[in-house]
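Chain and residue survey
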Amino acid sequence: RLLLDPATGDVFAFGTGFGGDGLVDGVSIGAQFGNGNPFLARLAAADGSLVWGRVYNDQTGQAYGYGLGRNAAGELLISGHFYGTFTADSVVLTSAGGSMERDGWVLAVSGADGSVSSGFRFGSASSSEYAETVAGLPSGEVVVTAVRR
């Protein structure tokens, strides 16, 4: 997913990295991707060079990233699904279904450096929930589209 920063023209790129070195276009974004971890990178408007990049998760479960949006406060919103434990800065989420069922997650992150200000999970122990897209409303509420299996 891509999102334009209207103030600077920089582009945010969000997705899931798999395996190996945690490189985006040959530049390390701070950690290895492992067996599926969400990443967020800020690319400069002038030349597309990497301004900063982050990999979210601590490798005690799998996590995937799908949605990228903004909230009313101007923070970036990222979303996806995970199982096990998902850690992003001080936010620690544990899936309701352990390693059997996936839960959806949403994080609010700073566009300045990718740091996480808040996050939440949703789901149940008996089904999997996959957060696909995310958007912030002017009221401050967050809207997530999700698939339940």
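Our structure's up above, just so we're on the same page.
By convention here, each chain's residues receive numbers from 1 onward along its written sequence. Local features in this predicted model are restricted to residues of pLDDT 70 or higher, and side-chain atom pairs are both shown and tallied only at a pLDDT of 80 or more, whereas totals for entire chains, interfaces and linings draw on every residue. To obtain the side-chain values, all non-hydrogen atoms of the structure were used and water was disregarded.

This paragraph deals with the overall build of the chain. Each helix and strand in the chain was counted, giving 0 helices and 14 strands. The secondary structure elements of the chain, listed N-terminal to C-terminal, are β-β-β-β-β-β-β-β-β-β-β-β-β-β. Using a 1.4 Å probe on the protein chains alone, a residue whose accessible area is under 20% of its type maximum counts as buried, one over 50% counts as exposed, and one in between counts as partly exposed. With 149 residues in all, the chain has 45% of them scored as buried. Contacts are residue-level and defined by heavy atoms, with any inter-residue pair within 4.5 Å sufficient. Partitioning the intrachain contacts of the chain with sequence separation of at least 6 by distance along the chain shows that 49% fall at a separation of at least 24. In short, Shrake-Rupley with a 1.4 Å probe defines the accessible areas, and a residue's cover is counted only from the protein chains shown. Split by element, the accessible area of the chain, about 6800 Å² in all, is 54% carbon and sulfur. For helices the rule is a DSSP run of H or I covering at least 4 residues; for strands it is a run of E covering at least 2, with both sets numbered from the N terminus onward.

For the rest of this paragraph, the subject is the sheet that holds strand β5 (residues 37-43). For two strands to be treated as a pair, DSSP must find no fewer than two bridges joining them. The sheet built from 4 strands is open, its strands ordered β1-β2-β5-β6 with antiparallel pairing. Of all strands in the sheet, those with a lone pairing partner are β1 (2-4) and β6 (50-55), marking the two edges. Within this sheet the neighbouring strands show an average axis-to-axis angle of 15°, counted without direction. Both β5 and β6 contribute to a ladder of 5 bridges, which runs antiparallel. Looking at the pairing, Leu-40 lines up with Arg-54 of β6. All axes are obtained by fitting lines to C-alpha atoms, using only the stretch in contact for helices, and the reported angles, taken between N-to-C directions, cover 0 to 180 degrees.

Quick look at the pairing of strand β14 (residues 142-148) now. Where strand β13 (residues 129-136) lies against β14, 7 bridges are found, and the strand directions are antiparallel. Bridge pairing in β14 places Thr-133 opposite Thr-145.

Most peptide bonds take the trans form, and the phi angle of most residues other than glycine is negative. Although it is not a glycine, Asp-89 adopts a positive phi angle of roughly 55°. Residue position: Asp-89 is located in the loop between β9 (85-88) and β10 (91-94).

Whenever Lys or Arg places a side-chain nitrogen within 4 Å of a carboxyl oxygen from Asp or Glu, that contact is recorded as a salt bridge. This structure, assessed with the given rule, holds 6 salt bridges. One salt bridge in this structure joins Arg-70 and Asp-5, with 3.9 Å as the shortest N-O distance. Linking Arg-70 in strand β7 (residues 62-70) with Asp-5 in the loop between β1 and β2 (11-17), this pair joins segments that are 65 residues apart in sequence. The network of salt bridges with shared partners includes Asp-5, Asp-10, Arg-42 and Arg-70.

Looking at the secondary structure, you find Ser-124 in the loop between β12 (116-122) and β13. Ser-124 gets classed as buried once you look at its relative accessible area, which sits at 18%. Identification of polar contacts relies on pairs of N or O atoms within 3.5 Å, with a donor-acceptor requirement for protein atoms, meaning one able to donate a hydrogen and the other able to accept it, and with residues adjacent in sequence counted only if both atoms are side-chain atoms. One polar contact links Ser-124 to Arg-148, side chain to side chain, over a distance of 3.3 Å. Ignoring anything within four residues of it in the chain, the contact list for Ser-124 reads Ala-96, Gly-97, Glu-101, Asp-103, Glu-129 and Arg-148.

Quick look at the sheet that holds strand β11 (residues 103-109) now. Read from one edge to the other, the open sheet built from 4 strands follows the order β7-β8-β11-β12, with strand pairing classed as antiparallel. Edge positions in the sheet fall to β7 and β12, since each has one partner strand and no second. For this sheet, the mean angle separating the axes of adjacent strands, direction not counted, is 20°. Pairing geometry for β7 and strand β8 (residues 76-83), over 8 bridges, is antiparallel. Within β8, the residue paired with Gln-62 across the bridge is Tyr-83.

Honestly, it's all geometry; don't read function into it.
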